[in-house]
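# Structural characterization, general
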Amino acid sequence: MTTLSAPASTRRRRAKAPGGASGLWTATPMTRLILAVTIIISAFPLYYMIVIASRTNTEATDMPPPFLPGGNLGENIQRVLTNPDAHYLAGLTNSLIIAATVTVSVVLISTFAGFAFARLNFRGGKVLLLLVLLTMMVPLQQMGIVPLYRLMVSLEWVGSIKAVILPYLLNGFGVFLMTQYTQQAVPNELVEAARVDGASTLRIWFNVVLPAVRPGMAVLGINTFMLIWNDFMWPLIVLTPDNPTVQVAINSLNAKYGTDYVLIFSGTLMSILPLIVVFILFGRQIIGGLMEGAVKA
Amino acid sequence: MSLHVDAGRPTRAPMPPGRRHVRPRSGRSFLTWLDLKAAPYLLVSPYYLLFLIFGLFPLGFTLYYSFFDYDLTGTVEWTGLGNYTAMLADADFWKAVVNTLAMFVIATVPQILLALLLANALNKRIKFQLFVRLGVLLPLVTSVVAVAVVFTQLYGRDWGVVNWVLGWFGADPIDWKAQRLPSWIAIATMIDWRWTGYNAIIFLAGMQTIPKDLYEAASIDGASRRRQFWQITIPMLRPTMIFVVLNSTIGGLTLFSEPTTFYNGNVHGGSDSQFQTVSMFIFEQGFREFDYGYASAAAWLLFLLILVGSAINFLLIRRIGGNK
């Protein structure tokens, strides 16, 4: 976070200096209004989710609509968990397994490749890296679904979470991010010095690179987890409703019980809780990672 | 990111002195060769293995399938470019293209403007900086399906909050799902709610790389704040703008989850396909009609659409920045 807080402190110092552009950085009432309205709009749908999830269906369709939480949350959650069509608990478990497996693998694969691209010279390395960048521009998920689905059919993997996990492991953004991060966090001299000391490549990775790129790995891990947790199209194709991910389970509820708002909202509310926990624990890293990545890309 | 913390730390375990010099023994030199020449390839190989299986293979086969005609009985027939010519004459496909483009424009233009405004506000000296930034980013952590579920309720015809609010102004309730434009607007607001804050944070990062001296010099020259925003901030943001716009283009043209959830999980996109996107069209052809060839051809046309869209937007942004 050092790079993020640095501009703020320079700004503060500048502001004290007489004249100059100090006024430009002062928050006006307009600034505060914009930010306050934004935060209210950001939070409102989430708040509304709690409101409806804790009501009854009669109250949810009242006019005017309710804006305060009611007392039926426990009962509604009970109904979601025992609903015979949603298989909600299985969905929750599957989503956790899928997201965790993919996150760990993608971070490892990307850290390995990032180290090779950033700090090892090898023939063809530049071309291979360019290939990664090119594939980032291709919407593989839309482009490849038909053959991927048929591949899963012929492997008889349809309905199993293996079929969801494996294609997700391909993540060009991760390789790109870790290459950038390694370039910046691991000085070349450090690698050279370890080499002179006789360390093998794997040992350098473990003892020199790994400790230095840990913050980058955290950012990539958080991003990947959120991305996989939220993905919807591929699990919808390749899984069956009786062994879903949490998003597919919500979709089953939505398709079968379209007017049972409190049921759907309770399911939705539970599905975002893990993400909210991640957000609260790692919010600082998420914002830092986003801002770093944007400037470099 | 705190880079300095770990980067300067020396290697923890000193290496055994015996291996300090590579000895010209044959076994050892093979290991050295393995370590120096082969290790980089081994390190990048997992990615390329995955790329081969889950990237290149499906891409190639999508092209291959697109030349065949599949029907429900399982017969497969070579049609050459038949799928493509049929699709170019298919009103349903063009409807999906128009829907996708319209939602993309309705969502993206206000989103970029709002994100710039928001980023400018975030760039001021404010209290509770982290809290405010997290608040702005909050929608991003919500799953797309969850967003769509809530907004579908908010846009409900009979009991929705939006119609209720419109009622204060004497407007008749709108059936948001029934017609094209209202459904596009409803879906565009879902996209904007989720992504405006994210783009604002990206713009903020870009704004913080602009040297402060530029603004000071402009102030001394008497340029107003508005003028500084348009003549310094916007042109200097060009690289960030390109990143944001290309990202939105790919995301917008592959739109799937929001409109699907808006129609209760059905990929038909409304009774008359009024908000079916190209991604939903591909899904419907491939996994509802089981016409793999047609779906594959649609996937390639979508790719073409994305390439053209990205190129146009890229040139547009360069133009905008270049004029200033």
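Remember, predicted model here, so these are calculated numbers, not experimental data.

## A look at the overall build of chain B
- The secondary structure content of chain B amounts to 14 helices and 2 strands.
- Taking all 324 residues of chain B together, 41% fall into the buried category.
- Counting only contacts in chain B whose residues sit at least 6 apart along the sequence, the fraction spanning at least 24 positions is 68%.

## Some thoughts on the overall build of chain A
- Looking only at helices and strands, chain A has 14 helices and 0 strands in total.
- Mapped in sequence order, the helices and strands of chain A form the string α-α-α-α-α-α-α-α-α-α-α-α-α-α.
- Compactness check: chain A gives a C-alpha radius of gyration of 24 Å against a globular reference of 19 Å for 297 residues, more than 25% above the reference.
- On the principal axes, the C-alpha backbone points of chain A span a range of 70 × 70 × 30 Å.
- Counting over 297 residues, chain A shows a buried share of 45%.

## What to know about the UniProt feature "transmembrane region" (unreviewed entry) in chain B
Residues and elements named next belong to chain B.
- Taking the UniProt record as the reference, the feature "transmembrane region" (unreviewed entry) is found at residues 47–67, 96–118, 130–155, 184–205, 236–256 and 297–317.
- Secondary structure across residues 47–67 comprises 90% helix and 0% strand; the distance between its end C-alpha atoms is 30 Å.
- Between the C-alpha atoms that bound residues 184–205 the distance is 31 Å, and the span itself is 100% helix and 0% strand.

## A look at the domain arrangement of chain A
Residue and element names in this part refer to chain A.
- The domain architecture assigned to chain A consists of domain 1 (25–75) and domain 2 (86–296).
- Computed from C-alpha atoms alone, the centre-to-centre distance between domain 1 and domain 2 is 31 Å.
- For the side of domain 1 that touches domain 2, the secondary structure elements donating two or more residues are α2 (29–53) and α3 (57–60).
- Broken down by element, the residue count for the side of domain 1 that touches domain 2 peaks at 4 residues, all from α2.
- Each residue belonging to the side of domain 1 that touches domain 2 can be placed in one class, and the counts come to 5 nonpolar, 3 polar and 1 charged.

## Description of the interface of chain B and chain A
- Each partner contributes residues to the interface: chain B has 96 residues there, and chain A has 100 residues.
- Top contributing element to the side of chain B that touches chain A by residue count: helix α2 (residues 26–65) of chain B, with 18 residues.
- Looking at the side of chain B that touches chain A residue by residue, the class counts come to 60 nonpolar, 24 polar and 12 charged.

## Some remarks on the UniProt feature "transmembrane region" (unreviewed entry) in chain A
All names here are of chain A.
- Per the UniProt record, "transmembrane region" (unreviewed entry) is found at residues 33–53, 96–120, 127–145, 157–178, 204–229 and 261–282.
- Secondary structure across residues 33–53 divides into 100% helix and 0% strand, with the first and last C-alpha atoms of the span separated by 30 Å.
- Between the C-alpha atoms that bound residues 96–120 there is a distance of 35 Å. The span itself is 96% helix and 0% strand.

## Thoughts on the environment of I250 of chain A
- Here I250 of chain A shows up in helix α13 (residues 246–256).
- Expressed as a C-alpha distance, the spacing of I250 of chain A and N72 of chain A, which sit 178 residues apart in the sequence, is 19 Å.
- Contacts of I250 of chain A, omitting those with residues within four sequence positions, involve I264, G267, T268 and S271 of chain A together with V145 and V149 of chain B.

## Focus on the domain arrangement of chain B
Residues and elements named next belong to chain B.
- Segmenting chain B into domains produces domain 1 (25–78) and domain 2 (84–323).
- For domain 1 versus domain 2, the separation of C-alpha centres amounts to 34 Å.
- On the domain 2 side, the residues contacting the 8 residues of domain 1 number 8 residues.
- Listed by contribution, the elements that provide at least two residues to the side of domain 1 that touches domain 2 are α2 and β1 (68–70).
- The class makeup of the residues in the side of domain 1 that touches domain 2 is 5 nonpolar, 2 polar and 1 charged.

## Some points on the UniProt feature "domain: ABC transmembrane type-1" (unreviewed entry) in chain B
- Under the present numbering, the feature "domain: ABC transmembrane type-1" (unreviewed entry) in UniProt falls on residues 97–313 of chain B.
- Segment residues 97–313 of chain B splits into 73% helix and 0% strand. End C-alpha atoms: 17 Å apart.

## Concerning the packing of helix α4 (residues 91–122) of chain B against helix α11 (residues 238–253) of chain B
Residue and element names in this part refer to chain B.
- Remark: α4 packs on α11, axes separated minimally by 10 Å, with the N-to-C direction vectors making an angle of 150°. The chirality of how α4 crosses α11 is right-handed. Contacts from T100, F104, A107, T108 and I112 in α4 reach V244, S248, G252 and L253 in α11.
- For the contact of α4 with α11, the residue count by class is 5 nonpolar, 4 polar and no charged.

## A few points about unusual backbone geometry
- The backbone of N264 of chain B sits at a positive phi, close to 50°, despite the residue not being glycine.
- Mapping N264 of chain B onto the fold places it in the loop between α12 (257–262) and α13 (278–287).

## Quick word on the confidence of the model for chain B
All names here are of chain B.
- Of the residues in chain B, 90% have a pLDDT of 70 or more, and the chain-wide mean is 85.
- For chain B, the element scoring lowest by mean pLDDT is helix α1 (residues 4–7), at 38; α4 scores highest, at 95.
- Note on residues 1–24: pLDDT is under 50 here. Beyond four places in sequence and across chains, it has 35 contacts.
- What the predictor reports for the complex is a pTM of 0.84 with an ipTM of 0.81.

## Looking at the UniProt feature "domain: ABC transmembrane type-1" (unreviewed entry) in chain A
- Taking the numbering used here, the UniProt-annotated feature "domain: ABC transmembrane type-1" (unreviewed entry) corresponds to residues 92–282 of chain A.
- Within residues 92–282 of chain A, the helical portion is 81% and the strand portion 0%, while the C-alpha atoms at the span's ends are 21 Å from each other.

## Considerations on the nonpolar core
- Judged by nonpolar contacts, the single largest core of 161 residues is most densely connected at A113 of chain A together with F203 and A298 of chain B.
- Apart from residues lying up to four places away in sequence, A298 of chain B is in contact with M87, F93, V278, F281, I282 and Q285 of chain B.

## Here's the deal with α11 of chain B
- Spanning 16 residues, α11 of chain B covers 22 Å between terminal C-alpha atoms, matching the ideal 22 Å at 1.5 Å per step.
- What α11 of chain B keeps buried is the set T240, M241, F243, V244, V245, S248, T249, G252 and L253 of chain B.

## Quick word on the environment of F67 of chain A
- Looking at where F67 of chain A falls in the secondary structure, it is placed in the loop between α3 and α4 (73–82).
- Between the C-alpha atoms of F67 of chain A and M30 of chain A, which are 37 residues apart in sequence, the distance is 27 Å.

## Considering the confidence of the model for chain A
- In the predicted model, chain A carries a mean pLDDT of 85, and the fraction of residues at 70 or more is 90%.
- Within the model, pLDDT remains below 50 along residues 1–21 of chain A, and this stretch shows 24 contacts once partners closer than five positions in the same chain are excluded.

## Quick look at the environment of P147 of chain A
- Its location among the elements puts P147 of chain A in helix α7 (residues 140–154).
- What makes P147 of chain A buried here is the crowd of 22 C-beta atoms within 10 Å.
- A C-alpha to C-alpha distance of 26 Å links P147 of chain A and F176 of chain A, two positions 29 residues apart in sequence.
- In this view, P147 of chain A contacts F57, P58, F61, T62 and Y65 of chain B; residues no more than four positions away in its chain are not counted.

Calculation notes
- Residues numbered from 1 in each chain as written.
- Chains lettered and ligands numbered in written order.
- Predicted model: local features only at pLDDT ≥ 70, side-chain atom pairs only at ≥ 80, totals over all residues.
- Helix = DSSP H or I, 4+ residues; strand = E, 2+ residues; numbered from the N terminus.
- Buried ≥ 20, exposed ≤ 12 C-beta atoms within 10 Å, placed from the backbone.
- Contact = placed C-beta atoms within 7 Å.
- Rg over C-alpha atoms; globule rule 2.2 N^0.38 Å.
- UniProt positions renumbered as here; feature names shortened; annotations may be inferred.
- Domains from an automatic or database assignment.
- Nonpolar A, V, L, I, M, F, W, Y, C, P; charged D, E, K, R; others polar.
- Axes fitted to C-alpha atoms, helices over the stretch in contact; angles between N-to-C directions.
- Left-handed = near helix turned anticlockwise from the far one by under 90°.
- pLDDT = per-residue confidence, 0-100.
- Core = buried A, V, L, I, M, F, W, Y, C linked by C-beta atoms within 7 Å.
- Expected span 1.5 Å × (residues − 1).

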